[in-house]
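# Coordinates in review
Residues per chain are reported as follows:
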Amino acid sequence: MGSIFKNIKGDRLIWAIVALLAIVSFLPVYSAASNLAYKGAGGNTFTFFVKHFVHLGLGFAIMYGVHKIPYRYFKGLSLVMIPVVLVLLTITILQGTTVGGATASRWITIPFVNMSFQTSTFASVVLMVYVARYLSKMKDKTIGFKASILPLWIPVFFVLALILPSNFSTAAIIFVMVLALMFLGGYPVKYLLLIIGLGVIGLVLFVMVAKLTSGPLKVKVETWENRIINYANGEDTEADYQIEKAKIAIASGKIKGVGPGKSIQKNFLPQSSSDFIFAIIIEEYGLIGGLFIMVLYLWLLFRFVIVSQKSDTIFGQLLVLGVGLPIIFQALINMAVAVELFPVTGQTLPLISSGGTSIWMTCLAIGIILSVSAKREEIKNKEAVEDNPLEILSEAI
């Protein structure tokens, strides 16, 4: 164990914040999972606790392994992984895995291990690395729209097109994050506005075509429409039921909360251990607990920006922002849904909500960021040695 801590590199505060979020997640997940346990696991809540522990353990193993890889290698890996991602997303749509009794073409079943994996979250990380690579490559060149269509926008289009039919919210978040990274990377604003216009037109055409069909795609599109319309009109729907229970949980928590494990709304709130875990946290730990979680994510964002600014290359700067900003953005969306600032999106709270894929891909992204910060530490230590004659002499001896 000591050798592992000795070999940990990168920003120590990021390690500490991520570890703290993981530790904080155990009690809320254990408490919120009781409803699921009594419905499907014979009242054995400890099973969910162990499962969450395993997911986090694997996540930290991924983070540790990835942060040891020099971040420059991710340039080439993104090129290799884009075709792999497209294949995985295609298989996922064709497979149409059933999760919890419902058809869900977001997951792909991993053979022999009886596990489901949400490919869109992996696709998001790979795509952001790919975009960062392209922008760093074109940093000192004039970017033309036509010249960027094939190497940049075609991969983005295919990834989003394969995610959109089954997961509109994830596709929308990826699209927004790609645009944000493009803006930060110096891509011409006039071209970004053109892409936004084309994206809106493409979405409208997709909806129109889907509504002409009679299959599950039409049902999916109608579900999106109903959620947006009902959110605007405040009508009584299943989504409103979830939001209503979430607001009751938040109101019950007040300042200090009702206490660990004493949530009442976890017995009525669907997805209480994943999509709406923030409401359970506030119910049990109050406004103080909710603000504490929010501060941790904002602190994490601050450290991402620091690591980005201190990176020795343009690729490193864009890479940190590309894989780091979506984590914070997703967390804020999850919190906003719980307090009805956004309609229900199905986005989890990174590192806190239960669910293996979300935890693993978040840890993958953070591992990449730590790899960038580790390189900066290596350069800094090397400069310190070169500036100190005694160190040079001792090394020579």
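Look a little higher up for the structure.
Everything numeric in this text was worked out from a predicted model, so none of it was measured. (Residues numbered from 1 in each chain as written. Predicted model: local features only at pLDDT ≥ 70, side-chain atom pairs only at ≥ 80, totals over all residues. Heavy atoms only, no water.)

## Thoughts on the layout of surface pockets
Counted only if it meets this: Using only the protein atoms, space was sampled on a 1 Å grid; points where a 1.4 Å probe fits but cannot get out form cavities, open sets with protein on both sides within 12 Å along at least five of seven lines form pockets, and lining residues are those with an atom within 4 Å of a point. Grid points are joined across faces, edges and corners, and a volume is the space filled by probe spheres set on the points. Under the scheme used here, helices are H or I runs from DSSP no shorter than 4 residues and strands are E runs no shorter than 2 residues, and both carry numbers assigned from the N terminus. Each residue gets one label: Ala, Val, Leu, Ile, Met, Phe, Trp, Tyr, Cys and Pro are nonpolar, Asp, Glu, Lys and Arg are charged, and the others, such as Gly, are polar.
Taken as a whole, the second largest pocket encloses approximately 680 Å³ of empty space. If you go around the second largest pocket, you meet 23 residues; those closest to its centre are F157, L160, F175, L198 and G199. Listed by contribution, the elements that provide at least two residues to the lining of the second largest pocket are α7 (145–163), α8 (168–184) and α9 (189–212). For the lining of the second largest pocket, the class distribution of residues is 21 nonpolar, two polar and no charged.

## Focus: the nonpolar core
The condition is simple: Side-chain atoms within 4.5 Å are what join buried Ala, Val, Leu, Ile, Met, Phe, Trp, Tyr and Cys residues into a set we call a nonpolar core. Three exposure classes are used, based on accessible area relative to the maximum for each residue type with a 1.4 Å probe and protein chains only: buried under 20%, partly exposed in between, and exposed over 50%. In what follows, a contact means two residues having at least one pair of non-hydrogen atoms within 4.5 Å.
If you look at the biggest cluster of nonpolar residues, it comprises 107 residues, and the most contacted ones within it are W153, Y187 and L349. With 13 residues, the top contributor of residues to this core is helix α13 (residues 314–338). With sequence-adjacent residues up to four places away left out, L349 is seen in contact with S274, I277, F278, I281, I293, Y297, A331, N334 and M335.

## Observations regarding a nonpolar patch on the surface
Basically, it comes down to this: Here the term patch refers to residues with relative accessible area over 30% and no salt bridge, with like charges joined within 9 Å and nonpolar side chains (Val, Leu, Ile, Met, Phe, Trp, Tyr) within 5 Å. Each accessible area is a Shrake-Rupley result for a 1.4 Å probe, and residues are judged covered by the shown protein chains and nothing else. We define a salt bridge as a side-chain nitrogen of Lys or Arg found within 4 Å of a carboxyl oxygen belonging to Asp or Glu.
A surface patch of nonpolar side chains, amounting to about 1,100 Å² of accessible area, comprises F183, L184, V189, L193, L194, I196, L198, V200, I201, V204, L205 and M208. Those elements giving two or more residues to the nonpolar patch turn out to be α8 and α9. If you tally residues by element for the nonpolar patch, the top one is α9, at ten residues. Among the structural elements, I201 can be located in helix α9. Given a relative accessible area of 49%, I201 falls into the partly exposed group.

## Let's talk about the packing of helix α12 (residues 277–310) against α13
The cut-off we apply is this: For helices, the fitted axis covers only the stretch in contact; all axes are lines through C-alpha atoms, and the angles between them, taken along N-to-C directions, range from 0 to 180 degrees. Working rule for angles: under 35 degrees goes down as roughly parallel, over 145 as roughly antiparallel, 65 to 115 as roughly perpendicular, anything else as oblique. For a crossing to be left-handed, the near helix must be turned anticlockwise from the far one by less than a right angle; the clockwise case is right-handed.
Remark: α12 packs on α13, axes separated minimally by 10 Å, with the N-to-C direction vectors making an angle of 165°. The angle between α12 and α13 places the two elements in the roughly antiparallel class. Remark: the crossing between α12 and α13 carries left-handed chirality. Contacts between α12 and α13 pair F278, A279, I293, M294, Y297, L300, L301, F304, V307, S308 and Q309 from the former with Q317, V320, L321, G324, L325, I328, A331, N334, M335 and A338 from the latter. In terms of residue class, the contact of α12 with α13 is built from 16 nonpolar, five polar and no charged.

## Overview of the environment of F292
Structurally, F292 is set in helix α12. On the basis of relative accessibility, which here comes to 38%, the residue F292 falls in the partly exposed class. With sequence-adjacent residues up to four places away left out, F292 is seen in contact with L20 and V24.

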